[in-house]
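Per-entry structural report
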2 protein chains.
Amino acid sequence: MERIERLRQLMRYKSLDYVFLMKPLSIFYFSGDYVTGVLYISYEDCILFVRRPKERVLLTELKVEYMDSFRDLKSCLGSLHGKAGLELDSIPYSLVMKLTEALELHEFENISHEIRLVRMVKDPLEVEKIRQAGAIAASTFLHVESIFAEGMSEQDLLIELDYFAKKLGNLGIYRMHSYGNEASFSHILQGEDALFSSYFDAPTGGPGISAAFPQGASKKVIEKSKPFTVDITINYDGYISDATRTFIFGKSDEHFMKVWAGLESVFAYLCELMVPGAIPEEIYLKVIKYVDSLGFSNVFMGRGRDRVKFIGHGTGLEVDEYPFIAKGFNLPIEENSILAIEPKFISEEFGIAGIEDTFLVTKNGPISLIPLGSHLVEL
Amino acid sequence: MERIERLRQLMRYKSLDYVFLMKPLSIFYFSGDYVTGVLYISYEDCILFVRRPKERVLLTELKVEYMDSFRDLKSCLGSLHGKAGLELDSIPYSLVMKLTEALELHEFENISHEIRLVRMVKDPLEVEKIRQAGAIAASTFLHVESIFAEGMSEQDLLIELDYFAKKLGNLGIYRMHSYGNEASFSHILQGEDALFSSYFDAPTGGPGISAAFPQGASKKVIEKSKPFTVDITINYDGYISDATRTFIFGKSDEHFMKVWAGLESVFAYLCELMVPGAIPEEIYLKVIKYVDSLGFSNVFMGRGRDRVKFIGHGTGLEVDEYPFIAKGFNLPIEENSILAIEPKFISEEFGIAGIEDTFLVTKNGPISLIPLGSHLVEL
């Protein structure tokens, strides 16, 4: 109920009289049950209207009603006056219209931003789940060293790691807030493959193995003496960690070691800045300036017009949560936020180099939830 | 361009002047490129406005423009008069508002149904991809016999089959049209686990291994002499097959063999009815009547209020395509439609029994795209 109280505070701030949540993930966050239906929240009341499942024991402590159509809400709630909040960034237009027409809601506003704000700060149980996800990620990176063999393609390695991570408890579902984006288990990319950007709003794209899912690993065999990155998303009990390590089959040359040292210093600088109260936009601009001073501006965070405009993002139930380390994101970083920080260099010269860790922000600075060093691994 | 012409016919029928597609999967279907942005279609013109990726060679033969915001569409298209079609069942409310405000579109209608109609009939290339998906499904079912061992849990078996199917080319992404639904690779269920319904609108639910993803296999060890079902979704190059087989570790008893014979006869009866021109609602009602005559009404297609109201569904780029074998679906079945037919019995007595095949509808009747018999397999 503490989560609902936090939402109510934001409802007051927006002068909303009630909120209707229809995104199953939001319903899960506030009720504890992953169901379809509507979660109704006013200042006095909170009712979970379940469309499906009706024949399963629910976990929630909230009041439950069953519904078939929005008319059932109307019968239960009667005539509502005032202003409603709806998740307009997620709910399809026709579903919003059906709900608002059935309930004769004439005034409604977008509550998507506020829901993300409530979810931005994690409670100890959420932190623990992301810590578990991070532990699976660390084991999976170590597994690369156990199984890598000459002749393996990016896709071969991906399949082996996917199998391994699932055995450790990875749920294999990677939810995102942003419409049109699709996260996947892993981007494993080397050389030219790292130069492909994709529809997915991330620094790496990749060719993928199908035009219908054009991101991530290809069937190209991993070559000697060229770095490749393994970016891994793990979902443990609903909660996501995001991490990247860079590997090289054989020895890296001196030139790349300079690039790598540059990347490590950007990563270290970023970590220094991640303290409660820091403004993400200011962090972003400082890092951009620092990268520029090192001479890596041209290869930082993607290619040309597809360069992404963030260098870190919150994670939790979704892989693109608040806060974003990005221009325009001005809410100070809060204690108990969880962020993935992902400086990446992509270039025609060396392909790719990247480090990513998921961090818990504490008053003493960020603590990595990926229990594994982020050095370059020679295989 | 033939697909676009089919859409234009439906646009004429609805008196639409143009269509704006923003769902990446629709853009892919009509353009050949999986990108984010807007596909603009009028009777004279067709322009793919790409938001992302901008630095990747596209496959499409359509005219391409690049966009950062909807204002770029306005600059390119100028003032538009008349009525627009938008995918209102899929596109979030706020995105629809942003587009229509930027373009000053005052009149717009839902085109979701028409897009699904265009996609309902498959061309030879699409059929071939679903045939490949079906071949992977068949091999994966055979793999159950190779790897099943005493002591395996539903989840253990799921992970092994997932790994095997990915090695054969399964993309591991299971897209759905319906908001709030999430398809996954496999439901493997036995006994009590089959009695769990879930948020997912399917005859089977399952406990899953997390409250955050409460569907599918649990960690319960597969028991002797009790049937269990393996429902497998395969995505090959964007296209999905859906199939279910029933297994039993050891021998089945006589009573269950009677249940199984009943299920087989329902499946056979359903197949007989799947001819071009048949009305899905009529098929549905006939089958319901037939199931009733066999005495299986109480266990057919789910439990109590969570019983699903369909016994078959189209598949293609999504797992819930047109047509549906359901009450209220009155469009005749067309040649070259592809449907998954899935009679399932769920009961406290024996747990579960199910058969599902993905069929191509031809003028000579349905042809299974799952090259494997659907008999009960004793392990």
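Everything numeric in this text was worked out from a predicted model, so none of it was measured. All residue numbers here refer to positions counted from 1 along the written sequence of the relevant chain. Here the convention is simple: chains get letters from A, ligands get numbers from 1, in the order in which they are written. The predicted nature of this model means local features are confined to residues of pLDDT at least 70 and side-chain atom pairs, given and counted, to a pLDDT of 80 or more, with totals for whole chains, interfaces and linings taken over all residues.

Next up on the list: the overall build of chain A. Strands are runs of DSSP state E lasting at least two residues, helices are runs of H or I lasting at least four, and both sets are numbered from the N terminus onward. When its secondary structure is counted, chain A shows nine helices and 17 strands. Only C-alpha atoms enter the radius of gyration; for comparison, a globular chain is expected to reach 2.2 Å times N to the power 0.38, where N is the number of residues. The C-alpha radius of gyration computed for chain A amounts to 22 Å, which stays within 12% of the reference 21 Å derived for 379 residues, consistent with globular compactness. Once the C-alpha set of chain A is aligned to its principal axes, its extents read approximately 70 × 40 × 35 Å.

This part covers the pairing of strand E10 (residues 310-314) of chain B. Residues and elements named next belong to chain B. Partly exposed residues are those whose C-beta has more than 12 but fewer than 20 other C-beta atoms within 10 Å; with 20 or more the residue is buried, with 12 or fewer it is exposed, and the C-beta atoms are placed from the backbone. Burial of E10 is extensive: five of the five residues sit out of reach of the surface. Being paired, for any two strands, means DSSP has found at least two bridges between them. With four bridges connecting them, E10 and strand E11 (residues 321-326) associate as antiparallel partners. When the sheet's bridge partners are listed, Gly-312 is paired in E11 with Ile-325. The antiparallel hairpin formed by E10 and E11 contains six residues in its connecting segment. Bridging between E10 and strand E12 (residues 338-341) involves three bridges; their strand directions are antiparallel.

What follows covers the interface of chain B and chain A. Note on contacts: each residue gets a C-beta atom placed from the backbone, and two residues are in contact if those atoms are within 7 Å. Every contact between the two is made by 49 residues of chain B and, on the other side, 49 residues of chain A. For the side of chain B that touches chain A, the elements supplying multiple residues, two or more each, are helix H2 (24-31), helix H4 (93-102) and helix H7 (154-167) of chain B. Ranked by residues supplied to the side of chain B that touches chain A, first place goes to H7(B) with five residues. Its residues assigned to classes, the side of chain B that touches chain A shows 23 nonpolar, 12 polar and 14 charged. Classes in brief: Ala, Val, Leu, Ile, Met, Phe, Trp, Tyr, Cys and Pro nonpolar; Asp, Glu, Lys and Arg charged; the others, Gly included, polar.

With respect to the helices, strands and loops of the structure, His375(B) is situated in the loop between strand E16 (365-368) and strand E17 (377-378). Along the backbone, His375(B) and Gly312(B) are 63 residues apart, and their C-alpha atoms lie at a distance of 19 Å.

Now for unusual backbone geometry. Following Arg52(B), the chain continues into Pro53(B) via a peptide bond in cis, with omega recorded as 5°. Tracing the chain through its elements places Pro53(B) in the loop between strand E3 (46-52) and strand E4 (63-66). In this chain, Tyr322(B) is followed by Pro323(B) through a cis amide linkage whose omega measures -5°. Position of Pro323(B) relative to the elements: it lies in strand E11. Within the chain, Ser15(A) stands out as a residue other than glycine whose phi angle is a positive 55°. Secondary-structure assignment places Ser15(A) in the loop between helix H1 (2-13) and strand E1 (18-21).

Here the copies are matched by least squares. The fit uses the C-alpha atoms of residues with pLDDT of at least 70 in both. Rotating chain B by 180° and translating it 0.0 Å along the rotation axis places it on chain A, where the RMSD comes to 0.0 Å. Taken together, the rotation and translation describe the operation of a two-fold axis. Of the interface residues in chain B, 100% have counterparts in chain A that sit at the interface too, so the contact is made through matching surfaces.

Mean pLDDT over chain A: 97, with 100% of residues reaching 70 or higher. For this predicted complex, the interface confidence comes out at an ipTM of 0.97, alongside a pTM of 0.97. pLDDT expresses how confident the predictor is about each individual residue, on a scale running from 0 to 100.

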